[in-house]
Amino acid sequence: MTNIQAPAVKMGVREYLESLVSIVRSPASFFESANDETGSRRALLFLMISGLFYCSVSMTYFFENSLVMGVVMMVNAVFMPALGACFSFCIMRMMTPSMASYSSVFNVYAYASGAVMVISWIPGLAVVMEPVRAILVGVGLYKTGKLGRFQSFITVVLTAVLLLLFFWTVAPLVVSIRDF
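Computed from a prediction, not measured in an experiment: that's the story for all the values here.

The rules behind the values
Residues numbered from 1 in each chain as written. Predicted model: local features only at pLDDT ≥ 70, side-chain atom pairs only at ≥ 80, totals over all residues. Heavy atoms only, no water. Helix = DSSP H or I, 4+ residues; strand = E, 2+ residues; numbered from the N terminus. Rg over C-alpha atoms; globule rule 2.2 N^0.38 Å. Buried < 20%, exposed > 50% of the residue type's maximum accessible area, 1.4 Å probe, protein only. Contact = heavy atoms within 4.5 Å. Areas by Shrake-Rupley, 256 points an atom, 1.4 Å probe, with all protein chains shown as cover. Axes fitted to C-alpha atoms, helices over the stretch in contact; angles between N-to-C directions. Parallel < 35°, antiparallel > 145°, perpendicular 65-115°, else oblique. Left-handed = near helix turned anticlockwise from the far one by under 90°. Nonpolar A, V, L, I, M, F, W, Y, C, P; charged D, E, K, R; others polar.

Peer 1: Give me the lowdown on the overall build of the chain, citing residues and values where you can.
Peer 2: The secondary structure content of the chain amounts to 7 helices and 0 strands. Rg of the C-alpha trace for the chain: 17 Å, near the compact-globule value of 16 Å for 180 residues, within the 12% margin. Considering only C-alpha atoms, the chain reaches an extent of 60 × 40 × 35 Å along its principal axes. Put simply, the chain has 180 residues, and 35% of those count as buried. Once local pairs closer than 6 in sequence are excluded, the contacts in the chain between residues at least 24 apart make up 69%. Element-wise, carbon and sulfur atoms account for 71% of the exposed surface of the chain, whose accessible area totals about 10900 Å².

Peer 1: Which residues make up the packing of helix α2 (residues 27-34) against helix α6 (residues 125-144), and what values go with them?
Peer 2: Between two packed helices, the angle of one axis relative to the other and the distance separating the axes together describe the packing. At a minimum axis separation of 9 Å, α2 and α6 run at an interaxial angle of 45°. With respect to α6, the axis of α2 lies oblique. Remark: the crossing between α2 and α6 carries right-handed chirality. Between α2 and α6, the residues in contact are P27, A28, F31 and E32 and L136, V139, G140, K143 and T144, respectively. When grouped by side-chain class, the residues that make up the contact of α2 with α6 number 5 nonpolar, 2 polar and 2 charged.

Peer 1: Tell me about the side chain of E15, residues and numbers included.
Peer 2: Assignment of secondary structure puts E15 in helix α1 (residues 13-25). Not counting residues up to four positions away in its chain, the partners in contact with E15 are K10 and R42.

Peer 1: A description of the packing of α6 against helix α7 (residues 149-179) should follow, citing residues and the corresponding values.
Peer 2: Where α6 contacts α7, the axes come no closer than 9 Å and their chain directions differ by 135°. In terms of orientation, α6 lies oblique with respect to α7. Of the two possible hands of crossing, α6 and α7 adopt the one that is right-handed. Every residue of α7 that contacts α6 at A134, V137, G138, L141 and Y142 is listed here: R149, S152, T155 and V156. For the contact of α6 with α7, a count of residues per class yields 5 nonpolar, 3 polar and 1 charged.

The values are spatial; any link to function lies outside them.
Below, the structure is given as structure tokens:
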């Protein structure tokens, strides 16, 4: 009898740093190779490691070691790429029905966000790194989502608009709940 096992998802320090350097050095070739990944476990681990680094450094330097703020930032670090991937996936499905899976779109967002988080904790660089994240997502969608360059650009822009509209819509609700 043969024992067939799924390949182990390994994300140690070495694999994390290799992924990070690959994303920064050549995002197009990285996302082409990441397109072969099945599932989102490796991308999620990459995102979680980057999120832990981002939250721990931010919490230490800016929020006086507030554990509550660290937890909120960690939830935000994981939730925002998932929400952005959800919006992008819906937009991609509306453009052309035969597109990539949600898993591959999430992988693009997880890798792009994780790569940017390592630098964006530095004051003043968060605003600069958002366009870099958008470019990385655009390149990733172009390479993995079978989109054209213009379609990839439109998807990133529409996703940003939807995210802004979503939070502008939810903000009054959160304020009213808090005051209740």
